[in-house]
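# Remarks on the overall topology
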Amino acid sequence: MATSTLGQPTVAPQISTKYPILILGGGTAGITVAARLRNAGQTGIAIIEPSETHYYQPLWTLVGGGVVPASITARPEKDYIPRGVSWIKGLATAIEPRENAIVLADGRRIGYDYLIVACGLQLDWDKIEGLPQTLGENGVSSNYAYDLAPKTWEYIRSFKGGRAIFTYPLGPIKCAGAPQKIMYLAADYFRRHNIKAEVIYATATPAIFSVKHYQEPLMKVVRRYGITTLFQHNLVAVDGPNKQATFEVLNDPEKKRVTLSFDFLHVTPPQSAPNFIKNNPLLAETEGTTKGYLRVNKHTLQSPDFPNIFAIGDASSTPNSKTGAAIRKQAPVLVENLLAQMSGKPLTAQYNGYASCPLVTGYGKLILAEFDYDGNPTPSIPFIDTSRERWSMYMLKRWGLPWMYWNLMLRGKA
Ligand SMILES: Cc1cc2nc3c(=O)[nH]c(=O)nc-3n(C[C@H](O)[C@H](O)[C@H](O)COP(=O)(O)OP(=O)(O)OC[C@H]3O[C@@H](n4cnc5c(N)ncnc54)[C@H](O)[C@@H]3O)c2cc1C
């Protein structure tokens, strides 16, 4: 029995409604899976999602680069909840895997037979001292939020010269390429407008990109723009009014700190599993780089402890690069395995860790990185070397992928 703050015993509310299939989160992964389940003829599905708006986050890079307005990345959530699926507007605050129930912030308890966790990750802005107070002011911005991406463009376009720093935090993040994509757009813009800029990439990672195959092509881009790289530099504090950024040097035995002044600072915040997952010892991964995320088998996407729970997308412990592209490959695997589980058959579908990252390297230029769990390149476009910068791949990002997202992926058709 739970206890109230006054120490009185409280009785957990009864489960108000129970669904055969409950999906937690109606973002990229939740909607894609719901649509695929409906296409497969499943009924009795509900999605828990608090937001009235669905965002296509990959375009926030081009919002920050001034190519598209933020408004085209946002559409009403209701238009993408598949027909026949119930929408429970609410914020989950706990998963009770032994009771097969989800607790919502308003006190409701929703039951399920099968649960799909698809609630994404959380942005930990407050883990960087001084950052929340100065975001969107004093030349500090981030493409990781819908409201801030337009601010990035405002700062780039009004930059009069000086030092521009782009950061990358410690630990897994969504779209590991995004922190450098906006840097290349900014560097390209400064060049085209003859603005004297010292561009610095200060990253907690030991290399420009985790997949070896794409490192040299990207370092070529870095050299072309004359960018200074500071590897193993983790942003720990920002002093907005005085325009100072402090980094911990991770490979220094004493973890010394260095402070750099800036005229423009683009921050990629530290990211982690939503608190209600990471604080749940029954469900959270306990070790490794994916600690705190919802623990699932990285090939079948099923929880090893609760066979009626699956997870997909940024919220899951699968050690792939956290991208919408990965979700596109995970969704059919999850649906096939869930249906197998429901009919008592063995789970045979396997996800191989595929992810892709369209690395914008300037206006009209893009390197398309595609790889699996082992870092092997897994190109899906035959006859083209996409590790070279290409205009056609940039067009794919600007036009092709958004169209595919809204019209095919979220409809369960791609
Ligand atoms: C700047 C940027 C650039 C990117 N570029 C690319 C790219 O080029 N290519 C690519 O493939 N990917 C890219 N991504 C990553 C991609 O957008 C994400 O990996 C993807 O959206 C993750 O999908 P998801 O469903 O796991 O999470 P989300 O799409 O974030 O959805 C999570 C949903 O869960 C809901 N939710 C959260 N908490 C709760 C709760 N407690 N209760 C109920 N609902 C909850 C949220 O409201 C949200 O709707 C980029 C991301 C960013 C920020």
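What comes next is a walk through the structure. (Residues numbered from 1 in each chain as written. Predicted model: local features only at pLDDT ≥ 70, side-chain atom pairs only at ≥ 80, totals over all residues. Heavy atoms only, no water.)

Turning next to the site of the ligand. Taken together, the neighbourhood of the ligand is formed by 34 residues, with Ala-29, Glu-49, Ala-92, Asp-314 and Ala-325 sitting nearest. At a separation of 2.9 Å, a nitrogen atom of the ligand approaches a polar backbone atom of Ala-92. Take Lys-181: an N or O atom from its side chain is 3.0 Å from an oxygen atom of the ligand. Contact with the protein chains removes 90% of the 1000 Å² of surface that the ligand exposes when unbound. Going through the elements one at a time, helix 1 (28–39), helix 2 (60–64), helix 5 (178–192) and helix 8 (324–342) are the ones with two or more residues in the shell around the ligand. Counting residues per element, the shell around the ligand draws most heavily on helix 8, which supplies three residues. Partitioned by chemical class, the residues of the shell around the ligand number 17 nonpolar, twelve polar and five charged. (Near = heavy atom within 4 Å. Polar contact = N/O pair within 3.5 Å; in protein donor to acceptor, adjacent residues only side chain to side chain. Areas by Shrake-Rupley, 256 points an atom, 1.4 Å probe, with all protein chains shown as cover. Helix = DSSP H or I, 4+ residues; strand = E, 2+ residues; numbered from the N terminus. Nonpolar A, V, L, I, M, F, W, Y, C, P; charged D, E, K, R; others polar.)

Taking 1.5 Å of rise per residue, 15 residues should cover 21 Å, and helix 5 covers 21 Å from first to last C-alpha, within 8% of that figure. Of all 15 residues in helix 5, 13 are buried, a share of seventy percent or more. Of the residues flanking the end of helix 5, it is Asn-194, one or two places downstream, whose phi is positive at about 50°. (Expected span 1.5 Å × (residues − 1). Buried < 20%, exposed > 50% of the residue type's maximum accessible area, 1.4 Å probe, protein only.)

The five strands lie next to each other as 12-19-13-14-15, forming an open sheet whose pairing is parallel. The outermost strands of the open sheet, each flanked by one partner alone, are strand 12 (140–141) and strand 15 (228–230). Bridge count for strand 13 (residues 162–168) against strand 19 (residues 264–266) is three bridges, and the pairing is parallel. Its bridge partner being in strand 19, Ile-165 is matched across the sheet by Leu-265. Running at roughly 175° to strand 14 (residues 197–203), helix 5 makes contact with strand 13, strand 14 and strand 19 of the sheet. (Pairing = 2+ DSSP bridges. Contact = heavy atoms within 4.5 Å. Axes fitted to C-alpha atoms, helices over the stretch in contact; angles between N-to-C directions.)

This brings us to the pattern of salt bridges. Should their charged atoms come close, side chains of opposite charge can pair. Per the stated rule, a full pass over the model turns up 13 salt bridges. One salt bridge in this structure joins Lys-89 and Glu-52, with 3.1 Å as the shortest N-O distance. In this pair, Lys-89 sits in the loop between strand 7 (86–88) and strand 8 (92–96) while Glu-52 sits in the loop between strand 4 (45–48) and strand 5 (53–55), placing the two residues 37 residues apart along the sequence. The class for Lys-89 is partly exposed, based on a relative accessible area of 43%. Taking the shortest distance from any N to any O, the salt bridge between Asp-124 and Lys-127 comes out at 3.3 Å. (Salt bridge = Lys/Arg side-chain N within 4 Å of Asp/Glu carboxyl O.)

Read these as geometric descriptors, not functional statements.
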